[in-house]
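Observations on the model geometry
Each chain, written out:
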Amino acid sequence: MAAPETLWQVGGKMKWKMGNRLVLAGFGIATAILVFVGWQSYRSTARFAEAAQWREHTYEVLNSLDNTIGRLSDTETGQRGYLLTGEEAYLEPYRTAIKNIDQTIGELKSLTSDNASQQKRIQVLEPLVEKKLAELQRTIDLRKNEGLGAATRVVLEGSGKQSMDQIRAIIAEMAREEKDLLRVRTQEANESEKRTSRTILVGTLVSISLLVLCFGLLNRELSERKRAQEALGKSEKWFSTTLSSIGDAVIATDMNGAVTFMNSVAQSLTGWSQTDATGKSMDLVLTL
């Protein structure tokens with residue numbers, strides 16, 4: 001009777017070990033997926049932050065380009081007002097713009113320092129701005145010293161308008177490039193967001209599915225173990241009842257020779273009770 005019981009116990013232990021390995025593997029895979037999803041979320045957040053910085057940088061460049069055109073327009077406004085009226089008060093926008101134009105172009109140069117093509121355009125832009133400002137100052141001086149007619153003749157030559165048209169064209173090219181960069185960066189950020197969202201969604205669903213499966217396996221293993229323990233308890237009770245009813249003295253020990261069971265005949269024969277003998281050496285309990 002002992003051999004089938006032993007094989008059943010060995011088979012049950014192997015089954016439990018296999019089930020435990022599956023559960024641990026499931027938890028490990030789910031954990032790895034969640035770590036990967038977290039890493040992807042972190043990378044996505046970093047990319048979004050970087051994209052936001054680049055978009056802000058592009059807007060700063062565009063604003064600097066607008067300021068450059070605005071300063072030059074202010075110089076023209078002040079010049080025209082003075083040429084028409086001869087009043088010094090009309091030169092105030094011109095003088096203010098002159099003070100700030102170098103700073104504005106310097107900021108533009110600094111903001112586009114990472115862009116070689118924009119730097120080349122600024123190298124073309126700077127002498128054009130200097131030429132335009134020189135033309136404005138020349139007409140102002142002529143108006144002041146020789147009158148409106150002399151200044152008007154210089155204006156009608158068209159060199160100032162030509163310089164301004166070239167300046168506007170260069171700034172328009174710079175603005176188009178910045179807007180193209182903004183569009184590309186926004187598109188890349190949106191695509192990255194979509195990929196990350198899909199990764200997080202799929203990873204989360206797979207992780208949840210694995211966790212649900214692991215909990216199901218674990219619950220089944222616990223239920224089977226509980227049933228096995230109950231069956232083992234019944235079996236042990238049956239064996240204990242059987243051994244207790246035997247008319248001969250029966251003493252059972254563990255692998256170390258310590259007493260684990262004594263039926264009533266053995267207790268009467270040795271003079272030891274079950275409680276006192278349990279855990280004692282066999283040689284101590286039974287003196288031959």
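Residues numbered from 1 in each chain as written. Predicted model: local features only at pLDDT ≥ 70, side-chain atom pairs only at ≥ 80, totals over all residues. Heavy atoms only, no water.

1. Things to note about a nonpolar patch on the surface
- Taken together, Leu201, Val202, Leu205 and Val206 make up a surface patch of nonpolar side chains, about 350 Å² in accessible area.
- With respect to the secondary-structure elements, Leu201 resides in helix H5 (residues 159-245). (Patch = residues over 30% accessible without salt bridge, like charges linked within 9 Å, V, L, I, M, F, W, Y side chains within 5 Å. Areas by Shrake-Rupley, 256 points an atom, 1.4 Å probe, with all protein chains shown as cover. Salt bridge = Lys/Arg side-chain N within 4 Å of Asp/Glu carboxyl O. Helix = DSSP H or I, 4+ residues; strand = E, 2+ residues; numbered from the N terminus.)

2. What about the environment of Pro93?
- By the element assignment, Pro93 lies in helix H2 (residues 92-111).
- Residue class for Pro93 comes out partly exposed when judged on its relative accessible area of 34%.
- Taking C-alpha positions, Pro93 is 8.8 Å from Glu76, a pair spaced 17 residues apart along the chain. (Buried < 20%, exposed > 50% of the residue type's maximum accessible area, 1.4 Å probe, protein only.)

3. Concerning the packing of H2 against helix H3 (residues 116-145)
- Contact geometry for H2 and H3: axes closest at 11 Å, N-to-C directions at 170°. Considering their axes alone, H2 and H3 lie roughly antiparallel with respect to each other. Residues Tyr94, Ile98, Ile101, Ile105, Leu108 and Lys109 of H2 pack against Gln119, Ile122, Leu125, Glu126, Val129, Leu133, Leu136, Gln137 and Ile140 of H3.
- Here the contact of H2 with H3 is composed, by residue class, of 11 nonpolar, two polar and two charged. (Axes fitted to C-alpha atoms, helices over the stretch in contact; angles between N-to-C directions. Parallel < 35°, antiparallel > 145°, perpendicular 65-115°, else oblique. Contact = heavy atoms within 4.5 Å. Nonpolar A, V, L, I, M, F, W, Y, C, P; charged D, E, K, R; others polar.)

4. What about the confidence of the model for the chain?
- Overall, the prediction assigns the chain a mean pLDDT of 81, with 87% of residues at 70 or greater.
- Taking the mean pLDDT of every element in the chain, the minimum, 75, falls on helix H1 (residues 2-85) and the maximum, 92, on H3.
- Contacts from residues 1-10, a stretch scored under 50 in pLDDT, to residues over four places away or in other chains number seven contacts. (pLDDT = per-residue confidence, 0-100.)

5. Here's the deal with the side chain of Ser64
- Within the element layout of this structure, Ser64 appears in helix H1.
- Once residues within four sequence positions are removed from consideration, Ser64 is found in contact with Thr104, Glu107, Leu108 and Leu111.

6. Looking at the side chain of Thr68
- The residue Thr68 is located in helix H1 in this model.
- We classify Thr68 as buried; its relative accessible area is 0%.
- Each residue touching Thr68, except ones within four places of it in the same chain, is listed here: Ile101, Thr104, Ile105, Leu108 and Ile171.

7. Quick notes on H3
- Between its terminal C-alpha atoms H3 stretches 44 Å, which fits the 44 Å expected from 30 residues at 1.5 Å a residue.
- Just past H3, the residue Gly147 takes up positive phi, approximately 105°. (Expected span 1.5 Å × (residues − 1).)

8. Brief notes about the pairing of strand E2 (residues 259-262)
- Pairing analysis gives three bridges linking strand E1 (residues 251-253) to E2, with the strands arranged antiparallel. Considered in E2, the bridge of Ile251 is made with Met262.
- What sits between E1 and E2 in their antiparallel hairpin is a turn of five residues, with Gly257 showing a positive phi close to 85°. (Pairing = 2+ DSSP bridges.)

9. Structural notes on the pattern of salt bridges
- Scanning the entire structure with this criterion turns up 10 salt bridges.
- Measuring nitrogen to oxygen at the nearest pair gives 2.8 Å for the salt bridge that ties Lys132 to Glu76. Of this pair, Lys132 sits in helix H3 while Glu76 sits in helix H1; the two residues are 56 residues apart in sequence, bridging distant segments of the chain.
- With relative accessibility at 9%, the residue Glu76 sits in the buried group.
- When the shortest N-O distance is used, the salt bridge between Arg183 and Asp180 registers 2.3 Å. Within this pair, Arg183 and its partner Asp180 are both found in helix H5, separated by three residues, close to a single helical turn.
- Looking at Asp180, the relative accessible area reads 38%, which means it is partly exposed.
- Linked by salt bridges that have partners in common, Glu76, Arg80, Lys132 and Glu135 make up one network.

10. A look at the nonpolar core
- Counting 24 residues, the largest nonpolar core has Leu65, Leu72, Leu108, Leu125, Val129 and Ile167 as the members making the most contacts within it.
- Where this core is concerned, the elements lending two or more residues are H1, H2, H3 and H5.
- When near neighbours in sequence (up to four residues on either side) are disregarded, Leu72 contacts Ile101, Val129, Leu133, Met164 and Ile167. (Core = buried A, V, L, I, M, F, W, Y, C linked by side-chain atoms within 4.5 Å.)

11. Points about the packing of H3 against helix H4 (residues 148-156)
- H4 packs onto H3 with a crossing angle of 160° between their chain directions and a minimal axis gap of 7 Å. Comparing the axis directions of H3 and H4 gives the class roughly antiparallel. Crossing of H3 against H4: the hand is right-handed. Residue-level contacts link Glu135, Arg138, Thr139, Leu142 and Arg143 of H3 to Leu148, Ala150, Ala151, Val154 and Val155 of H4. (Left-handed = near helix turned anticlockwise from the far one by under 90°.)

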